[in-house]
Structure formats: C-alpha cells, structure tokens
Amino acid sequence: MAKDSAPFFSVDALSKHFGGVHAVEDLSFGLARGEIVGLIGPNGSGKTTTINMVTGALKPNSGAILVEDHDMAGAPAHRFAQRGVARTFQVPRLFRRMPVMENLIVPALSDYGERRGSAEERAHGVLQFLKLGHLSGQYARALSGGQQKLLELGRALMLRPQLLLLDEPFAGVHPRLLEQIIDHIKSLNRDGHTIVVVDHNLEAIQSVVTRVMVMARGRKIADGGVAEVLRNPDVVRAYTGTRANR
Amino acid sequence: MMRPSVAQWTQGLLLALALLLPLVSGPYWIHVGAIAWYYALLAASWALLAGYAGQFSFAHVAFAALGGYASALCIELLAFPLPLAILTAVLLAAVVGALIGALVLRLSGPYLALFTLAISEIFRLVLVAEEDITRGMQGLSVPSLFSGNSDVPYYYLGLGLVVLAVGAMNGLLATRVGLFLRAIREDEGAARASGVDTTRYKILVFVVTSVIAAIAGIYYGHFIGILTPNMAILPEMGLVIAMAVIGGIESLPGSVIGAVVVFLLSESLRSYGEWRFVLMGLVLILVQRFAQNGLFPMLEQLGHRRKEPLPAVSAMEEPRGG
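Residues numbered from 1 in each chain as written. Chains lettered and ligands numbered in written order. Predicted model: local features only at pLDDT ≥ 70, side-chain atom pairs only at ≥ 80, totals over all residues.

J.: Looking at this structure, I do not really get the overall build of chain A. What am I missing?
T.: Scanning chain A for helices and strands turns up 9 helices and 10 strands. What you see for chain A is a C-alpha radius of gyration of 18 Å, in line with the 18 Å of a compact globule of 246 residues. Dimensions of chain A, computed from C-alpha atoms along their principal axes, come out at roughly 50 × 40 × 40 Å. For chain A, buried positions account for 48% of its 246 residues. (Helix = DSSP H or I, 4+ residues; strand = E, 2+ residues; numbered from the N terminus. Rg over C-alpha atoms; globule rule 2.2 N^0.38 Å. Buried ≥ 20, exposed ≤ 12 C-beta atoms within 10 Å, placed from the backbone.)

Pasting the structure below:
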C-alpha cells in the first residue's frame, strides 16, 4: 500500500486562529503518492480551514506545509496551484460568465508553460473523461449544479495536480451523479492521483478512500484504515448526532 | 480567409465616417468630435478596468486630470520640452496606477468604488487648494500642440489615439492576460486557485488603464488650453460610466461608440439645459433594462443571431461563497 512510501506532501504542527477561536491546532499528517484519504469531522471541526491553508487561500499562524520538501506555508494560492496542489470548493466557484472551455484553459495557461492549442486539446480530453464533451461551448452558469461540480473537478485536473483536494464533492448532488462522481474519483486515483476527499457523507467516503483522518474542534483525533478509525470511541463520540447531517 | 463580422463591418463603417467628418462638417462639430475622443479614451479604458477586469474604480477621471496637470506643470514649472513633459506625465500615471492597484488589491465591489472615489476627491481637492501651483479654479493654461486655430489636427490626433488605444487594449485582451482578467472578474479566489497570479494582473490592468486615462487628459489639456479641477468631479466620472455602460461595458469599440453617442446627444440637446441629463438618465435606464450588455453587443448579437445570448453583465455581482 502507498502508506509505506515516504510522504511527498506533509503538514507539520499547522495552526490557525481566528481571534480567540482555534480553528486548527497543531495538525500534522503526511500523504504518500497515489494515496486516497478521507478527511472527515463534524461541522466546525476545521476541515475546510485545513484545505484553505494547504492550498494557500489562508495563511497559517504557525506550522509547515511541505510539498516535496519545500516549505510553502504562507505562500499565495497561485503558487500552490502551480506546484500541482489543486482544489475544488464546497459550492462550485466557476468563472460563470465564461464558456466551459475557457474555464478549463485558465489553469493550463496560468504558469505560462503551455500553449493555448495544447491546453484546449487537453481540456477536450478532460471533458470527455467527465462526460461533458457536449457542453464545451456553453457558459458555465448555464450548467446544472452537478455539471458545475464536474466542471470544477475538470478545472482542477487541468493543473496536472500532484495532489487533488476535493471539498465536499458529494454534497447536494443527485444520487445518480453521486455514483458518477465516485467513479471519477476512483478512476483518477487508479491513474495515480493523490486525493484528499473532505465530506460529511461517510458512506460515499468509505466507498472511495483507504485511509481516513478525523478532525474535531480543530485537532486530528484519529488517522488510519477506515474500519479501524470508525470504531475509534473518540470518533464515535465526536460524530454522535452529526451523521444525520450527511 | 474569415469573413468580417457584423461588428467589424460596423466598426469599419463608423471609422470611415469619423475620418470623413471634418471634410463635411463645420468647425463646431469638429470641436465637439475632438472632445468626444477624450471621453472615448476614458470610456474604453474604464470598460477594460471595470467591464473586463471587474475593478469598479471611480478614480478614472482623476487619472485624466493627473496626466493633464502633470504634463502642463512639467512645462510651466520645470521648463521641460513638450515630448519630455508628456512622457513624464505618462510615467507618473503608470506609477500612481500601480500604487492604487496595489492599495486596492483586497478591495472589491462597493469598497473598491468608495476607496477610489475618496482618492479621486482628495486629488481634486488638492488641485483646488494648491492654487499657487495649479491655479485652482481659475484654471491652468496649457500650451497648444499645433500652431493655428483649427481643431482638425486635434480631431485626427484624438481619433488616432482612440484607434491606437482600443487596438492595444484589444491586443492585450486577445492574449492569456485577457482570459485571466475575466477570470479574476468572475471569481478572484477561484482564479488564484487555478494558478493565476491575481496581484500581478490586477496591478497590470490599473497601470494600463491609468496610462490611457492620463493620455486622454494630456490630449484634452493641450487641446482645450486650460485645465480646471472640474475635470475630476464626480458627474464627469458618472458620464464616463454611463458612456461605457450604454455602449457596452464589455466591448471596447462599444464603449467608444457609447462615448461618442452620449457626448453628441448631450451637445445637441444643450439648449434643454439640465433636462438633457434627465434624458441621459432615461437612456441609461432603458439600456440597462433592455440591453444589459450595452447597445453595441446587442447589435452584434442581432447580426450573429446567436442561439444563446451572452450572459448579462454583472461586474458588481457578489462572488458566491464556498
């Protein structure tokens, strides 16, 4: 299993405070290449704050974020993206008044390494993979909610990500689309992508990840194989009453 | 070879008309036309700043004043030769543009609008107060660029500047920079997460548009021969916004056409006094109601008979949370 290999991405003693609120406290974990990890926890446990910090959207108060041994804590978000740390958002944040194709080529062109023609070719491939090929000329805001989630995933893939962080990919999607998203995530992982999935939907998470980390009140309270972690009494306690929210 | 679009035909036709106007028109309309080019430069560059990049700045006319005053003062106080004075004014606008761009990096929507409005008013009040240098409300005289009394050379200079500026801005928009600016307008956080260095492009767009506004101000100052702080009052900014919105805030040629139409309309209705501004307001309301993207893009759409209309302009639309 990938867990045995050395992590290419790790965070060490990461903390973020908002005034007196300790949103994330002393968080450490590592990810090996090809791993697929779930990050779960009740509302307000610090999951999204963690995603925001490890993608540069928020500056941590302390701690290190190592991408291939390079500490990127506090670097701006575009630097993380250019290093292949890609993300999606809880509510899709697309370039709504731009066509689907343009949404996809923005990340491809952002580090000046790729020409427009090759970016568009790659974007067509991504659209085929996501079964959105027929929508390339549509404006992003004309897409359904589920299609917007898929397009956002596609936009993240255009960064040729080393690490893909998916923030609530299963939230608010139609059951048929849920299966499709799960299939896409599994397929991306089979292709070698390292993926972190943040969600409340434990059933969906369990069907895709091999390892799960649990946060509660800003701290990591468990980390390991899915079955083992879900039996952990601390996790059960933290989750009591919240599973109904999924 | 690709066939020219309706928009290109219209632009070509209007450019030909603009070139021919001085041959068929009297001095009054040539004078009016030459001033219209000043507004066209402002409206088109503001359309790039607000329509494309989503930076709803109210300091644009202040940059025109900065350019005009800097050029004039370089000549009067420092005895610079004219080309050096103009170059200095343009460089100053670029530096101040970069500074403002950097200051407003974290501001958007109404906060950006209020901040730039405050900066613009502070600058105008300094122009009023520093009478010893700027001559305050008496006005600062500015030397002419051309000898003789004809406005025709200014008319063609203004037209040339508009064509150059719109060409240069359209050139910029055709590159990946244009794509990034629109992505920033749509959702800055998502653009950053997509690898776009938003700081760099936001400052760049402030520099480019501030320089064009300053060039407009320099042209205007040397043409009219006198500058007053009134060129930076809020109604002037409102007029530039109305021109861009009526013509098409996301179309540079559209905003030029908007500027010319609004200014010519305003001049031809001069005898109605303040009522002409009421009419302008009504035109603005009607355009916002029936052609939210502006008149020129509406014309373009009719020509294309697009199946799906362009989504409506929403420069002030709040980004959705996530």
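After presenting the structure, the write-up continues.
J.: Whenever I open this one, the sheet that holds strand S1 (residues 9–18) of chain A confuses me. Can you help?
T.: Consider a sheet: its strands pair through backbone hydrogen bonds, and that pairing is either parallel or antiparallel. Residues and elements named next belong to chain A. What the 4 strands build is an open sheet, ordered S2-S1-S4-S5; its pairing is antiparallel. The open sheet has two edge strands, strand S2 (21–31) and strand S5 (70–71), and neither has a second partner. In the sheet, S1 pairs with S2 via 7 bridges, with the strands oriented antiparallel. Residue leucine 14 lies in a different strand from S2, and its bridge partner there is leucine 27. Of the strands in this sheet, S1, S2 and strand S4 (62–67) touch helix H1 (residues 47–54), which is tilted by about 60° from S2. (Pairing = 2+ DSSP bridges. Contact = placed C-beta atoms within 7 Å. Axes fitted to C-alpha atoms, helices over the stretch in contact; angles between N-to-C directions.)

J.: Whenever I open this one, the environment of Val196(A) confuses me. Can you help?
T.: Residues and elements named next belong to chain A. Tracing the backbone through its elements, the reader meets valine 196 in strand S8 (residues 194–198). Assessed through the 25 C-beta atoms surrounding it within 10 Å, valine 196 is described here as buried. Sequence-distant contacts of valine 196, defined by excluding residues within four places in its chain, comprise Val37, Leu39, Leu165 and Leu166.

J.: In this structure, what is going on with the packing of helix H2 (residues 27–52) of chain B against helix H12 (residues 252–268) of chain B? I would like to understand it.
T.: For any two helices packed against each other, the geometry comes down to the angle between their axes and how far apart the axes lie. All names here are of chain B. Viewed as axis vectors pointing N to C, H2 and H12 meet at an angle of 140°, and their least axial separation amounts to 8 Å. Here H2 is positioned oblique relative to H12, judged by the angle of their axes. Judged by the twist between their axes, the crossing of H2 over H12 is right-handed. Side by side, H2 and H12 meet where Val32, Ile35, Ala36, Tyr39, Ala40, Ala43, Ala44, Ala47 and Leu48 of the first sit next to Leu252, Ser255, Val256, Gly258, Ala259, Val260, Phe263, Leu264 and Glu267 of the second. Classifying every residue of the contact of H2 with H12 by side-chain character gives 15 nonpolar, 2 polar and 1 charged. (Parallel < 35°, antiparallel > 145°, perpendicular 65-115°, else oblique. Left-handed = near helix turned anticlockwise from the far one by under 90°. Nonpolar A, V, L, I, M, F, W, Y, C, P; charged D, E, K, R; others polar.)

J.: What's the story with the sheet that holds S8(A) in this structure? I'm lost.
T.: All names here are of chain A. The strand order across the open sheet built from 6 strands is S6-S7-S8-S3-S9-S10, with neighbouring strands paired in mixed fashion. Where the open sheet ends on each side, the last strands, each with one partner, are strand S6 (85–87) and strand S10 (219–225). Taken over all neighbouring pairs, the strand axes of this sheet differ in orientation by 20° on average, direction set aside. In this sheet, strand S7 (residues 163–167) lies alongside S6 in parallel orientation, the contact comprising 3 bridges. Bridge pairing links valine 85 to leucine 163 in S7. On the sheet, H1 packs against strand S3 (36–40), S6, S7, S8 and strand S9 (211–216) and is oriented at approximately 145° with respect to S7. The strands touched by helix H6 (residues 175–190) within the sheet are S3, S7 and S8, with S8 carrying the most contacts at an inclination of about 150°.

J.: Honestly, the interface of chain B and chain A in this entry has me stumped. Any pointers?
T.: The parts lose accessible area when they come together, and the size of an interface is often stated as this lost area. With 21 residues of chain B at the interface, the matching set in chain A holds 27 residues. If one sorts the elements of the side of chain B that touches chain A by residue count, helix H8 (residues 176–186) of chain B sits on top with 6 residues. Residues belonging to the side of chain B that touches chain A are distributed by class as follows: 8 nonpolar, 6 polar and 7 charged.

J.: Please clarify how the pairing of S10(A) should be interpreted in this entry.
T.: Successive residues of a regular strand alternate their side chains across the two faces of the sheet. All names here are of chain A. The sheet contact formed by S9 and S10 spans 6 bridges and is antiparallel. Along S10, the bridge assignment pairs arginine 211 with glycine 225. A loop of 2 residues connects S9 with S10, the two strands running antiparallel in sequence, and arginine 217 in this loop sits at a positive phi of about 50°.

J.: I keep staring at the confidence of the model for chain B and nothing clicks. Help me out?
T.: Low pLDDT marks stretches whose predicted atomic positions should not be read closely. All names here are of chain B. For chain B, the mean per-residue pLDDT works out to 89, and 93% of the residues sit at or above 70. A low-confidence stretch, residues 314–322 (pLDDT under 50), is modelled with 18 contacts involving residues beyond four sequence positions or located in other chains. Scored by ipTM, the complex comes to 0.90, with pTM at 0.88. (pLDDT = per-residue confidence, 0-100.)

J.: It is not clear to me how the nonpolar core should be interpreted in this structure. Could you clarify?
T.: Most often, soluble globular proteins keep nonpolar side chains buried together rather than apart. In this structure, Ala40(B), Leu41(B), Leu42(B), Ala43(B), Ala44(B), Leu66(B) and Val240(B) are the most contacted members of the largest nonpolar core, which totals 170 residues. The leading source of residues in this core is H2(B), at 16 residues. (Core = buried A, V, L, I, M, F, W, Y, C linked by C-beta atoms within 7 Å.)

J.: How should unusual backbone geometry be read in this particular structure?
T.: Note: most peptide bonds trans; most residues except glycine with negative phi. Even without glycine at this site, Ala13(A) takes up a positive phi of about 50°. Here Ala13(A) shows up in strand S1.

J.: Can you walk me through the pairing of S1(A) in this structure?
T.: Residue and element names in this part refer to chain A. From the end of S1 to the start of S2, which pair antiparallel, there are 2 residues, and glycine 19 there has a positive phi angle of about 60°. Bridging between S1 and S4 involves 5 bridges; their strand directions are antiparallel. Paired with serine 10 across the bridge in S4 is leucine 66.

J.: Explanation requested: the packing of helix H11 (residues 234–247) of chain B against H12(B) in the structure shown.
T.: Residues and elements named next belong to chain B. At a closest axis distance of 7 Å, the pairing of H11 and H12 adopts a crossing angle of 120°. One finds that H11 runs oblique with respect to H12. Two packed elements cross with a definite hand, and for H11 against H12 that hand is right-handed. Together, Ala242, Met243, Ala244, Ile246 and Gly247 of H11 and Gly254, Ser255, Val256, Ile257, Gly258, Ala259, Val261 and Val262 of H12 make up the contact between the two elements. Its residues assigned to classes, the contact of H11 with H12 comprises 9 nonpolar, 4 polar and no charged.

J.: It is not clear to me how H8(B) should be interpreted in this structure. Could you clarify?
T.: Given 3.6 residues per helical turn, the α-helix brings residues three or four places apart onto the same face. Counting buried positions along H8(B) gives 8 out of 11 residues, so the element sits mostly inside the fold. Leu179(B), Phe180(B), Leu181(B), Arg182(B), Ala183(B), Ile184(B), Arg185(B) and Glu186(B) are the residues of H8(B) that are buried. Where H8(B) is buried, its residues touch helix H3 (100–109) of chain A together with H2, helix H9 (188–193) and helix H10 (198–224) of chain B.

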